[in-house]
Number of protein chains: 4
Amino acid sequence: MASNESHRPDTAVLVVHCPDTPGIIAVITEFITANGGNILYLDQYVDKVNGVFYMRIEWDLEHFIIPKDKISDYFSTLYGQRYGVKFRITFSSQPQRMAIFVSKMSHCIYDLLARYVAGEWNVEIPVIISNHPNLSLIGDQFGIPFEVIPVNRDNKVEMEAREFELLDRYNIDFIVLARYMQVLSEEFISRYPERIINIHHSFLPAFIGAKPYHAAFDRGVKLIGATSHYVTTELDAGPIIEQDIVRITHKDTIPDLIKKGRDLEKIVLSRAVEKHIQHKILTYNNKTVVFS
Amino acid sequence: MASNESHRPDTAVLVVHCPDTPGIIAVITEFITANGGNILYLDQYVDKVNGVFYMRIEWDLEHFIIPKDKISDYFSTLYGQRYGVKFRITFSSQPQRMAIFVSKMSHCIYDLLARYVAGEWNVEIPVIISNHPNLSLIGDQFGIPFEVIPVNRDNKVEMEAREFELLDRYNIDFIVLARYMQVLSEEFISRYPERIINIHHSFLPAFIGAKPYHAAFDRGVKLIGATSHYVTTELDAGPIIEQDIVRITHKDTIPDLIKKGRDLEKIVLSRAVEKHIQHKILTYNNKTVVFS
Amino acid sequence: MASNESHRPDTAVLVVHCPDTPGIIAVITEFITANGGNILYLDQYVDKVNGVFYMRIEWDLEHFIIPKDKISDYFSTLYGQRYGVKFRITFSSQPQRMAIFVSKMSHCIYDLLARYVAGEWNVEIPVIISNHPNLSLIGDQFGIPFEVIPVNRDNKVEMEAREFELLDRYNIDFIVLARYMQVLSEEFISRYPERIINIHHSFLPAFIGAKPYHAAFDRGVKLIGATSHYVTTELDAGPIIEQDIVRITHKDTIPDLIKKGRDLEKIVLSRAVEKHIQHKILTYNNKTVVFS
Amino acid sequence: MASNESHRPDTAVLVVHCPDTPGIIAVITEFITANGGNILYLDQYVDKVNGVFYMRIEWDLEHFIIPKDKISDYFSTLYGQRYGVKFRITFSSQPQRMAIFVSKMSHCIYDLLARYVAGEWNVEIPVIISNHPNLSLIGDQFGIPFEVIPVNRDNKVEMEAREFELLDRYNIDFIVLARYMQVLSEEFISRYPERIINIHHSFLPAFIGAKPYHAAFDRGVKLIGATSHYVTTELDAGPIIEQDIVRITHKDTIPDLIKKGRDLEKIVLSRAVEKHIQHKILTYNNKTVVFS
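This structure is a prediction, so every number in the text was calculated from the model and none was measured.

A word on the relation of the copies chain A and chain C
- For the pair chain A and chain C, the best superposition has an RMSD of 0.0 Å and corresponds to a rotation of 180 degrees with a translation of 0.0 Å parallel to the axis. Within this description, the copies of the chain are treated as partners about a two-fold rotation axis. When C-alpha distances to the rotation axis are compared across chain A, the minimum falls at Q141 of chain A, with a value of 2.4 Å.
- Here 100% of the interface residues in chain A have copies in chain C that are interface residues too; the copies meet face to matching face.

Details of the domain arrangement of chain A
Residue and element names in this part refer to chain A.
- Along its sequence, chain A is organised into domain 1 (11–91) and domain 2 (96–290).
- The C-alpha-based centres of domain 1 and domain 2 are spaced at 31 Å.
- Facing the 13 residues of domain 1 at the interface are eight residues of domain 2.
- When the two sides are added together, the surface that domain 1 and domain 2 hide from each other amounts to roughly 920 Å², 64% of it contributed by carbon and sulfur.
- Linking domain 1 with domain 2 are zero salt bridges, by the criterion used here.
- Scanning the region where domain 1 abuts domain 2 turns up three residue pairs in polar contact (both at pLDDT 80 or more).
- Sorting the residues of the side of domain 1 that touches domain 2 by element identifies β1 (11–19), β2 (38–47), β3 (52–60) and β4 (86–91) as the ones contributing at least two each.
- Its residues assigned to classes, the side of domain 1 that touches domain 2 comprises eight nonpolar, three polar and two charged.

Regarding the sheet that holds strand β1 (residues 11–19) of chain D
All names here are of chain D.
- Strand order in the open sheet formed by four strands is β2-β3-β1-β4, with antiparallel pairing between adjacent strands. Taken across any chain shown, the strands that pair with only one partner, and hence form the sheet edges, are β2 (38–47) and β4 (86–91). The sheet shows a mean angle of 10 degrees between the axes of neighbouring strands, direction not considered.
- Taken strand by strand, helix α1 (residues 24–33) contacts β1, β2 and β3 (52–60), and its axis lies near 20 degrees from that of β3.

As for helix α8 (residues 254–277) of chain D
Residues and elements named next belong to chain D.
- The end-to-end C-alpha separation of α8 is 34 Å, in line with the 34 Å expected for 24 residues at 1.5 Å each.
- Burial analysis of α8 places 17 of its 24 residues in the buried class, the great majority of the element.
- In the stretch just after α8, H279 is the one whose phi turns positive, near 55 degrees.

Topic: the relation of the copies chain B and chain A
- The transform that puts chain B on chain A rotates by 180 degrees and translates by 0.0 Å along the axis, for an RMSD of 0.0 Å.
- In this assembly, 97% of the residues forming the interface of chain B have copies in chain A that are likewise at the interface, indicating an isologous arrangement.

Section: the interface of chain B and chain A
- Between chain B and chain A, the contact holds 34 residues from the first and 33 residues from the second.
- Both faces combined, the contact of chain B with chain A buries some 2800 Å², and carbon together with sulfur accounts for 57% of it.
- Of all residues in chain B, the largest losses of buried area upon contact with chain A belong to R219, K222 and H250 of chain B, amounting jointly to 25% of the total for that side.
- Run the count over chain B and chain A and you get four salt bridges.
- In this structure, the salt-bridge partner of E242 of chain B is R247 of chain A, at a minimum N-O distance of 3.3 Å.
- Across the contact surface, chain B and chain A share 22 residue pairs in polar contact (both at pLDDT 80 or more).
- For the side of chain B that touches chain A, the secondary structure elements donating two or more residues are β2 (38–47), α7 (212–219), β11 (240–247) and β13 (287–290) of chain B.
- Along the lines of polarity and charge, the residues of the side of chain B that touches chain A split into 16 nonpolar, seven polar and 11 charged.

Definitions and cut-offs
Residues numbered from 1 in each chain as written. Chains lettered and ligands numbered in written order. Predicted model: local features only at pLDDT ≥ 70, side-chain atom pairs only at ≥ 80, totals over all residues. Heavy atoms only, no water. Least-squares fit on C-alpha atoms with pLDDT ≥ 70 in both. Contact = heavy atoms within 4.5 Å. Domains from an automatic or database assignment. Buried area = accessible area lost by both parts, 1.4 Å probe. Salt bridge = Lys/Arg side-chain N within 4 Å of Asp/Glu carboxyl O. Polar contact = N/O pair within 3.5 Å; in protein donor to acceptor, adjacent residues only side chain to side chain. Helix = DSSP H or I, 4+ residues; strand = E, 2+ residues; numbered from the N terminus. Nonpolar A, V, L, I, M, F, W, Y, C, P; charged D, E, K, R; others polar. Pairing = 2+ DSSP bridges. Axes fitted to C-alpha atoms, helices over the stretch in contact; angles between N-to-C directions. Expected span 1.5 Å × (residues − 1). Buried < 20%, exposed > 50% of the residue type's maximum accessible area, 1.4 Å probe, protein only.

The following block contains the structure:
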């Protein structure tokens, strides 16, 4: 199912961080404007405590005189060593490829796919992977291959090997766990650093692990939350991208929390995925800088 | 400083819980209406899982034929044993007496006192107690005795004895810890069960204990919270009355969190105190029922 | 596509309003419990200013001794005239039938259908009606007839006649306008009083009418809203069911507002539809009572 | 009453807007860093539609080689004409002087003064002006002259003349209307352009004018709002600085709305005042740019 985003102008996005240096904004914006780039967006942030400069800058490539395949080289040569710059350059003409992992609950994946087919995002979704066949109908509905890989604790190595094969075959850039109820192996996680987005159904770091709505109910909280984060090898402890909450009362039973939580989970996950697609997230010290 | 609330009608509030029984609402409302009471407010809730019925009912006493000082007796005799009812009856004509405990931060106490002098609450505040003299000016401003009791870990028994004497002398019904930075002894807490309200500057149960804003900053959360709860002997684990959050970003430093948190803390604490003053809170199994 | 809700117990819902009378709660709850009904839910509200009593009560029919098809008769005979009661009794075993009207935007209809196929709601959706063919794929995806009725200002009488025929044929109880961009005729509206739910993309009564996001942008507001309401003959002036807002900044362009608004619109509309399906809405004086 | 802010470093704030020009950020940051200024904060925004560049930049003056009283001259000479720059330079060592106007309601003024005496803001508040004597106690409490000017429709010219005299005598930079219930004359407003901050108790542009809570109640909205804005000669139509809302239900009476609104009003007003004190607001086309 094709995205309707094909008429967007061809733009480049540079995401960068480096030790904070006087004039660093001037240096980088000069690189773009002096070479014919029209800056469409600039957001920057200086972590004064740690002395780190972060920037995201996007520009129109139409009159930019450096060829696309050379920009990275040039930028690296001119500034990489001199300013200790770490950077990533991406192009809107090359949408990222996203895999969705799902188990039995459909609210998050429907929210993602509804945005996808409406053309809201510059992304391709070539495959859905599930440990259960329950939602295979969704693959049919949206014309996306739905691969059932019945992974469990005992067959994880073997099954993840099949998943790696699929992810490679479909040339996947990043993975969204849309209420996927399996813990990934360390090997899996290390293959996709800062490229696996999870939704946890609590306001982390409260209620880490299984059954957070039950734990929230037992504690008698007055708000429940959802947290989207990058997956790291420590459970529910990766860099947080987005969180939100909804108010509950003493009248709400556990099924009520689960129901209210669904709306929260899907919106929080989709907001995080959108920021990732737009290259608006930088991570540092297990935290995220999320540009506006 | 007198409240301007003196022209409110004289009303009674009955707060009750008992095993859920068919027709229990009818029984209780009948007790009031059959005896000439005009019901002004009724809110009820049934915990289906545990089979417990909760109700708060308020009525105008003008034409009520049972004398005020007999209502409790009558209600107990007629329904107490028969329905296993636990209840509390209070009268708007007898405002509760509230003590404020404070340390060095003034935002919560100013918010409480501004409501008090504006007559928003049917309450008396005859004394402020502090472990530091810093805010004694506030006592002068509002004409309320400001007692400095320099309690610390080593002199807690002796100093709390002085506090008990003050609380008794001023005939205090309940205590509000308005960012009071001392842990109360078990003896203190057991003297005022469900009558000590604290504000904790995090979204409990996340970040229990000291320096929650520092912990929130380190974890990289995207929302910070505040929680008002009744104090129990387990630290920050008492029944939660009210919580709220505010959004933060990567740009916010620890001082920013502290600043944003102040507005949250004072509003969350004042909301909880108001519910307590209005007898709208029932506790059960370390959780609260908070009527609307 | 079948709902998975078939194992819910058979329950009745009584929604009622009448002049406020002492003991009215007792009378109605007695009707249910004395006849073997187990009350699962009760919420009531008294409008003291206008002297109107509102209640929603739901009970398990398993041991209820009055046959389902006689309950309405009995209740009417016993209480209708005596208390001036207006009421509606519905049964969970008879799900309402809902039609979705849509134009070219898909975010609201996907949100509704994702809930439908997940079995979140006790409802049937037998038909989608659109004035454009653009979203016909959605009918295919979900196996629901998608009827294109190209209504415009000039052919409204004729085209609405076709719509009435469809609504009758599919035995439709209520209609959801999921960003349907056509004004309905007075005749249409009068056929479905309090049974047409619209989503307006502003915080009503601000920005009534067309292009509210443009108007919000021009005014420089810092929040945008969405409002779900019953349709009446006065544009955007019907009883409000649900509203919510999202924060914006000076950085947000009109396309940004439209994008942020989409998430708001779909959630606000779905919340309103859910309350309607659960018979939790009563209207009075062009306002709604929405039970919890 | 002295602020405890005296140990803050001496900093300069430059707030600037001009036609968007490639490299303009580089030019301005270069001006500061090349002359020994250490940039503490930078936020910028480009209005792509109108081609306007906005920036706020704050730097430490300790090693800045241009004397404070020359900075404005130098900046103007070097960039003013060349880039069409409009700008304002202020220094943290010269706190602004703020007057509070109040009528009979105390919640907003207490919130402002509580922050003031806690030293949250770099501001001086030398005078309170009121059209009623009711709140004169607050002047005593905080040691601030409380001037009663009994302005009404008939004596406005004469009374405002007395207000001008007071504002001049106290050397007032800007005015906060803390629920001041008098409309200012055009002459008054024109003396303090973008320097009078009002709080309106509705979600503007809904419910302009008097008694917005009554209007909100009549319309049956599900959220109420408050709006802080700069005062212009058109009633409630000035540039919006900050808005927020709170949820209400059918149970809330007009007094409930007024009560819930109070918390909203005071927080929204204080947030707006803080942004003004920090020189974080720029206005353009009757809208505001509010820096983070």
